[in-house]
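So you can see what is in the structure, the chains are spelled out below.
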Amino acid sequence: MTRTVFVNGAYTPEADAKVSVFDRGFLMADAVYEVTSVLDGKLIDFDGHMTRLARSLAELDMAAPMTADEILVMHRELVARNGLVDGMIYLQITRGAPGDRDFVFPDPAEVPSTIVAFTQSKPGMAQSPQADIGISVISIEDQRWARRDIKTVQLLYPSMGKMMARKAGADDAWMVQDGFVTEGTSNNAYIVANGRIITRQLGHDILAGITRKAVLRVAEMCQLIVEERAFDIAEAQSADEAFMTSASAFVMPVVQIDGVKLGDGAQLGKPGPVATQLRRVYLEEMRKQAV
Ligand code: PMP
């Protein structure tokens, strides 16, 4: 089945979908995006993604080409047209395609934003075997720009970070700035120590994960204590457990950091009880609220 994608108001077979070579998303990464998970044909935490999208657009003075309600209708249409059961919907909005390449923003009254969305199928994504064994991470220096709270498509450094992890035989990288972990290449980072869940406080240094927000709510429901503060790699390596969160990986245990296995005894290098519980309860809660 050929995939149907959405481009500027039209549902189009992917092979026919086109964006201008002058598009500022293409030329300058002048674009923001959201990735919403779909489980059993329903959208997970859709409102959270729309709230963050509105904020990213506002921070960049970019016009919203569609309302959240219109985007919901469009997402449901993409799910239906593509028979999507489990997977993601990727949504991107750019500052559009003025006739020439120019650093100055075009007038939004003259140049409309570009909006594109497509589905990615991932059957059974909530039953990922990786969640049963956990992932390994390496630490790398955080060399991204200073406004990581805006969800832009400038993903070259995170992409390079993933490749550094691959080369080192690991699954992902945690980025470190001034000695402290900021976040993963495409996820938020957590450790569990002395019965507390520790994760970096929000700010310009990290993306305010939609999954982070939901998981911290779930932690509270489970009467777990959360401490929002920075931690370093040494503290993470001596923690009882670690995990990461993102819209597409949900809660994923991290069992090894820079070659050091976490936990001890029979639990050494295995997913910990807190990450396992949070993953289960998060998925239960999110499925209940899915639209
Ligand atoms: N941090 C970064 C840098 C990310 O790219 C992502 C995934 N988009 C996240 C955190 C997790 O955010 P979310 O839970 O909204 O997917």
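Here the structure is a predicted model, which is why all the values come from computation and not from measurement.

A closer look at the pairing of strand 13 (residues 241-246)
Most of strand 13 sits out of view: 6 of its 6 residues are buried. Covered by surrounding structure in strand 13 are Glu241, Phe243 and Thr245 together with Ala242, Met244 and Ser246, the residues of both alternating faces. With 5 bridges joining them, strand 10 (residues 188-193) and strand 13 adopt antiparallel strand pairing. Residue pairing across strands places Asn188 opposite Thr245, the latter belonging to strand 13. Two successive antiparallel strands, strand 13 and strand 14 (residues 250-257), enclose a turn made up of 3 residues.

Let's talk about helix 6 (residues 210-221)
With 12 residues, helix 6 should cover 16 Å at 1.5 Å per step; its first-to-last C-alpha distance of 17 Å lies within 8% of that length. Backbone geometry just after helix 6 places Gln223 at a positive phi near 60 degrees.

A short note on unusual backbone geometry
Glycine aside, residues mostly have negative phi angles, and peptide bonds mostly take the trans form. One non-glycine residue, Asn8, adopts positive backbone phi at about 45 degrees. Tracing the backbone shows Asn8 in the loop between strand 1 (4-7) and strand 2 (10-13). Unusually for a residue other than glycine, Ala29 sits at a positive phi of about 55 degrees. For Ala29, the location among the structural elements is in the loop between helix 1 (24-28) and strand 3 (31-39).

Section: the sheet that holds strand 3
What the 6 strands build is an open sheet, ordered 2-1-6-5-3-4; its pairing is antiparallel. Two strands lie at the open edges of the sheet, namely strand 2 and strand 4 (42-43), each paired on one side alone. Inspection of the sheet shows strand 5 (residues 87-94) paired to strand 6 (residues 114-121) by 8 bridges, in the antiparallel sense. By the bridge assignment for strand 6, Tyr90 is matched with Phe118. Along the sheet, helix 2 (residues 46-59) contacts strand 3, strand 4 and strand 5; its crossing angle with strand 3, the most-contacted strand, is approximately 180 degrees. Lying on the sheet, helix 3 (residues 68-81) is in contact with strand 1, strand 2, strand 3, strand 4, strand 5 and strand 6; it crosses strand 5 at an angle near 135 degrees.

With respect to the environment of Thr4
Locating Thr4 in the fold gives a position in strand 1. Spatially, the C-alpha atoms of Thr4 and Asn82 are 6.4 Å apart, while their sequence positions differ by 78 residues. Setting aside residues no more than four positions away along its own chain, Thr4 makes contact with Tyr11, Thr12, Pro13, Leu78, Arg81 and Asn82.

With respect to the site of the ligand
As a matter of local geometry, the ligand sits amid 16 residues, with Arg52, Lys151, Glu183, Ile210 and Thr211 nearest to it. Note that an oxygen atom of the ligand is positioned 2.8 Å from one of the side-chain N or O atoms of Arg52. Ile210 is positioned such that a nitrogen or oxygen atom in its backbone is 2.8 Å from an oxygen atom of the ligand. Counting residues per element, the ones that place at least two in the shell around the ligand are helix 6 and strand 13. Here the residues of the shell around the ligand are counted per class, giving 4 nonpolar, 8 polar and 4 charged.

Some details on the environment of Asn188
Note that Asn188 resides in strand 10. In this structure the C-alpha to C-alpha distance between Asn188 and Ala208, which are 20 residues apart in sequence, comes to 8.3 Å. Setting aside its immediate chain neighbours within four residues, Asn188 contacts Glu183, Ile206, Leu207, Gly209, Arg212, Phe243, Met244 and Thr245. A polar atom in the side chain of Asn188 sits 3.4 Å from the backbone nitrogen of Gly209.

Here's the deal with empty space enclosed by the protein
In this approach the atoms are scanned with a rolling probe the size of a water molecule, which exposes any empty space left behind. Under the defined criterion, the tally for this structure stands at 1 cavity of 30 Å³ or more. The calculated volume of the largest cavity comes to roughly 40 Å³. Lining the largest cavity, in full, are Ser37, Ile44, Asp45, His49, Ile210, Thr211, Ala247 and Tyr282. A class-by-class count of the residues in the lining of the largest cavity yields 4 nonpolar, 3 polar and 1 charged. For the lining of the largest cavity, the two domains that each supply at least three residues are domain 1 (4-125) and domain 2 (129-289).

Observations concerning the nonpolar core
Looking at soluble globular proteins, one finds that nonpolar side chains tend to be buried together. Core analysis: the largest hydrophobic core is formed by 30 residues, its most contacted members being Leu39, Ile197, Phe243, Phe250, Leu278 and Tyr282. Elements that contribute at least two residues to this core include exactly strand 3, strand 5, strand 10, helix 6, strand 14 and helix 8 (273-289). Ranked by residue count, the leading element in this core is helix 8, at 7 residues. Composition of this core by domain shows at least three residues from each of domain 1 (4-125) and domain 2 (129-289). Beyond its immediate sequence surroundings of up to four residues, Leu278 is in contact with Ile197, Val215, Val218, Ala219, Leu224, Phe243 and Val251. In this structure, Leu57, Val79, Leu84 and Ala117 belong to the second largest nonpolar core, which totals 23 residues.

What counts and what doesn't
- Residues numbered from 1 in each chain as written.
- Predicted model: local features only at pLDDT ≥ 70, side-chain atom pairs only at ≥ 80, totals over all residues.
- Heavy atoms only, no water.
- Buried < 20%, exposed > 50% of the residue type's maximum accessible area, 1.4 Å probe, protein only.
- Helix = DSSP H or I, 4+ residues; strand = E, 2+ residues; numbered from the N terminus.
- Pairing = 2+ DSSP bridges.
- Expected span 1.5 Å × (residues − 1).
- Contact = heavy atoms within 4.5 Å.
- Axes fitted to C-alpha atoms, helices over the stretch in contact; angles between N-to-C directions.
- Near = heavy atom within 4 Å.
- Polar contact = N/O pair within 3.5 Å; in protein donor to acceptor, adjacent residues only side chain to side chain.
- Nonpolar A, V, L, I, M, F, W, Y, C, P; charged D, E, K, R; others polar.
- 1 Å grid on protein atoms, 1.4 Å probe; cavity = no way out; pocket = protein on both sides within 12 Å on 5 of 7 lines; lining within 4 Å.
- Points joined across faces, edges and corners; volume = space filled by probe spheres on them.
- Domains from an automatic or database assignment.
- Core = buried A, V, L, I, M, F, W, Y, C linked by side-chain atoms within 4.5 Å.

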